[in-house]
Amino acid sequence: MFGATRCSHTDSRSSSEPTKKIVSEFAGSASCSGCHAAVAREHAQTAHFQTSHPADKEHILGKFTAGENKYAYNQSVVVAMEERDSGLYQVEYFAGVEKKARRFDIVIGSGVMGQSFLNWRADKLFQLPITYFSAAGQWSNSPGFPDKVVFNRVITSRCLECHTTFASVTDGGKNGGEMFDKRSIIYGVDCEKCHGPAKLHVKYQTENPSDSNGRYVVNPARLSRQQNLDLCALCHGGRLQKKTPSFSFVAGNKLADHFLEDTARPNPAAIDVHGNQYGLLRASKCFTMSETLNCGSCHNSHKNERGNTAIFSKRCVNCHQPEHGKLCNFIKGKATTLKENCIDCHMPLQPSKAIAVFLPDKPLPVAANIRSHFISVYLDATNNVLNDEKNRSASRPK
């Protein structure tokens, strides 16, 4: 999957035990909007919520029109994205002759970095070979795929655990790959991923509207620091090896109860900027010197704040105050633009080794640039920001 090709999540074993939670425990995010309309509306615009959909032209960013719908491996081998009567397909051609066609069935990825696509074969899922790479605005070979057309990369429940709210596993892999109930997939990372299955909550609150305690649902604000970190690390914690079936983890659980615990001190130089943001954060001085800092200290999971460096910088300043001796020396007396951008200096965009795609007109892989979560001093990045600020200051009217 895009962002999970060379997936950052691996299974230590193939469990034959079916998923314990069942889809009937979930209310669906639409049920949340009755009482939480504004929050639900804002959350629907986030990359989390948009991270998976049934495949249709509304949710696929790449084009199917002639001249814009092909990826060429070489002069003879081409994959075309085609709209046919029975759906949307990736079609392999050799010397102009159709060899294989597989339908787009599921879209994975919000499109911020890109999108990958899954195909149903019976009750098993496989990744399609062509991805949409947003940075270039075109189709590309999916990250980690070989330089030939491959339609048989298996999708596991661990992949779906981070790109859906719930998927029901009907066979744990004894027969050559996990099987899923197509009718029991809750697409996107929605409210119930972080608050837990909410059918009982919706039923109770509907019958008891005056009770504002929020029964039968998890409120992450009331969890401990480590519980909140574990909740995010479920999908942003690197190559986790599971001890229990996928989708067993519920908000408030200990990650170590479900995955093998990594007790090694994180080495930021060995962690890719994609997939293990928790590992990078955990290696940061900001994190090790704080007893309270967690992902929610900087991220409002209910809103799409991507790219808004001013908002994130204000959250940095919550701790980095002059009276604490932690104020950045560079911003003293500088223009407002620098004071509102801690991020580009201390959490710069860096190329990902995990998300690197081949484009038809490029001889080498093209990497996606992703914000590093290792908060530190990056001299080159700082110099670039200072030079940009100097150039902006010089161009301002005197």
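Everything discussed here concerns the structure shown above.
My aim in this report is to walk through the structure given alongside it, one point at a time. Throughout, residues of each chain are indexed from 1 in the direction in which the sequence is written. With pLDDT at 70 or above as the cut-off, local features in this predicted model cover only qualifying residues; side-chain atom pairs require 80 or more to be listed or tallied, and sums for whole chains, interfaces and linings still use all residues. The side-chain values count all of the structure's non-hydrogen atoms but skip hydrogen atoms and water molecules.

### Thoughts on the overall build of the chain
The helix and strand tally for the chain stands at twelve helices and 17 strands. Taking 21 Å as the expected radius of gyration for a compact globule of 398 residues, we find that the chain reaches 23 Å, a close match to that expectation. Along the three orthogonal principal directions, the C-alpha set of the chain runs to about 65 × 60 × 40 Å. When the 398 residues of the chain are sorted by exposure, 45% land in the buried category. We call two residues in contact whenever any of their non-hydrogen atoms come within 4.5 Å of each other. Across the chain, the fraction of contacts at a sequence separation of at least 24, relative to all contacts at a separation of at least 6, is 60%. Only the protein chains shown count as cover for residues, with accessible areas throughout obtained via the Shrake-Rupley method and a probe of 1.4 Å. A total of about 21000 Å² of accessible surface is found on the chain, and carbon and sulfur atoms cover 52% of it. Distance between charge centroids for the chain: 4 Å, based on 49 positive and 37 negative side chains. Segments assigned H or I by DSSP are reported as helices when at least four residues long, segments assigned E as strands when at least two residues long, and all are numbered from the N terminus. Computation of the radius of gyration draws on C-alpha atoms alone. For the globule rule, the value is 2.2 Å times the number of residues to the power 0.38. Only protein chains enter the calculation, and the probe is 1.4 Å; a residue is then buried if its accessible area is under 20% of its type maximum, exposed if over 50%, and partly exposed in between. In summary, the charge assignment counts Lys and Arg as positive and Asp and Glu as negative, without counting His or the chain termini. By convention, the point assigned to a charge is CZ for Arg, NZ for Lys, CD for Glu and CG for Asp.

### A short note on the environment of cysteine 35
Structurally, cysteine 35 is set in the loop between α1 (29–32) and α2 (37–43). Relative accessible area serves as the criterion here: at 67%, cysteine 35 is assigned to the exposed category. Taking the C-alpha atoms as reference points, cysteine 35 and glutamine 205, 170 residues apart in sequence, are found 9.3 Å from one another.

### A closer look at the sheet that holds strand β5 (residues 87–94)
Read across the open sheet, the four strands follow the order β3-β4-β5-β6; overall the sheet is antiparallel. Looking at strand neighbours, the two that pair on one side only are β3 (70–72) and β6 (97–103), the edges of this open sheet. Averaged over neighbouring strand pairs, the angle between their axes works out to 20 degrees when direction is ignored. In this structure, β5 lies alongside β6, joined through six bridges in antiparallel fashion. Bridging from a neighbouring strand, glutamate 92 pairs with lysine 100 of β6. DSSP calls a pair of strands paired once it identifies at least 2 bridges connecting them. For helices, the axis comes from a line fit to the C-alpha atoms of the stretch in contact; other axes are also lines fit to C-alpha atoms, and the angle between any two N-to-C directions lies between 0 and 180 degrees.

### Examining the nonpolar core
Within the largest apolar cluster, 22 residues are counted, with the highest numbers of intra-cluster contacts made by Leu229, Leu234, Phe249, Leu255, Phe259, Leu281 and Phe287. When contributions to this core are tallied by element, the ones reaching two or more residues are α6 (225–236) and α7 (277–282). The greatest single-element share of this core, amounting to five residues, is contributed by α6. In these notes, a set of buried Ala, Val, Leu, Ile, Met, Phe, Trp, Tyr and Cys residues joined through side-chain atoms within 4.5 Å is what counts as a nonpolar core.

### A word on the side chain of threonine 382
Turning to its location among the elements, threonine 382 is positioned in helix α12 (residues 379–395). Relative accessible area serves as the criterion here: at 6%, threonine 382 is assigned to the buried category. In this structure, threonine 382 is in contact with Phe330 and Cys345, ignoring residues within four places of it in sequence.

### Let's talk about α12
Along its 17 residues, α12 runs 24 Å from first to last C-alpha, staying within 8% of the 24 Å computed at 1.5 Å per residue. When we look at burial in α12, the residues that qualify are Ala381, Thr382, Val385, Leu386 and Glu389. What you see down the axis of α12 is that its buried residues fit within an arc of 130 degrees, all on one side. Facing away from the buried surface of α12 by more than 90 degrees, the exposed residues are Leu379, Asp380, Lys390, Asn391, Ala394 and Ser395. One less than the number of residues in a helix, times 1.5 Å, gives the span that helix is expected to have. The arc in question is traced by the directions running from the helix axis to the C-beta atoms.

### Some remarks on empty space enclosed by the protein
Residues are said to line a cavity or pocket when one of their atoms sits within 4 Å of a point; the points come from a 1 Å grid over protein atoms alone, cavities being sets where a 1.4 Å probe fits but cannot get out and pockets being open sets with protein on both sides within 12 Å along at least five of seven lines. Grid points are joined across faces, edges and corners, and a volume is the space filled by probe spheres set on the points. Within this structure, the stated rule accounts for two cavities of 30 Å³ or more. Approximately 120 Å³ is the volume found for the largest cavity. For the largest cavity, the lining is made up of 13 residues, of which Lys21, Thr165, Glu192, Lys193 and Phe249 are closest to its centre. Only Asp, Glu, Lys and Arg are considered charged in this grouping, and only Ala, Val, Leu, Ile, Met, Phe, Trp, Tyr, Cys and Pro are considered nonpolar; every other residue, Gly among them, is considered polar. Of the residues belonging to the lining of the largest cavity, the class tally is seven nonpolar, two polar and four charged.

### Some points on the pattern of salt bridges
Salt bridges, as used here, are contacts in which a Lys or Arg side-chain nitrogen is within 4 Å of a carboxyl oxygen on Asp or Glu. Within this structure, the stated rule accounts for eleven salt bridges. One salt bridge in this structure joins aspartate 105 and arginine 103, with 2.8 Å as the shortest N-O distance. Residue class for aspartate 105 comes out buried when judged on its relative accessible area of 12%. One continuous salt-bridge network, built from bridges that share partners, spans Glu82, Arg84 and Glu98.

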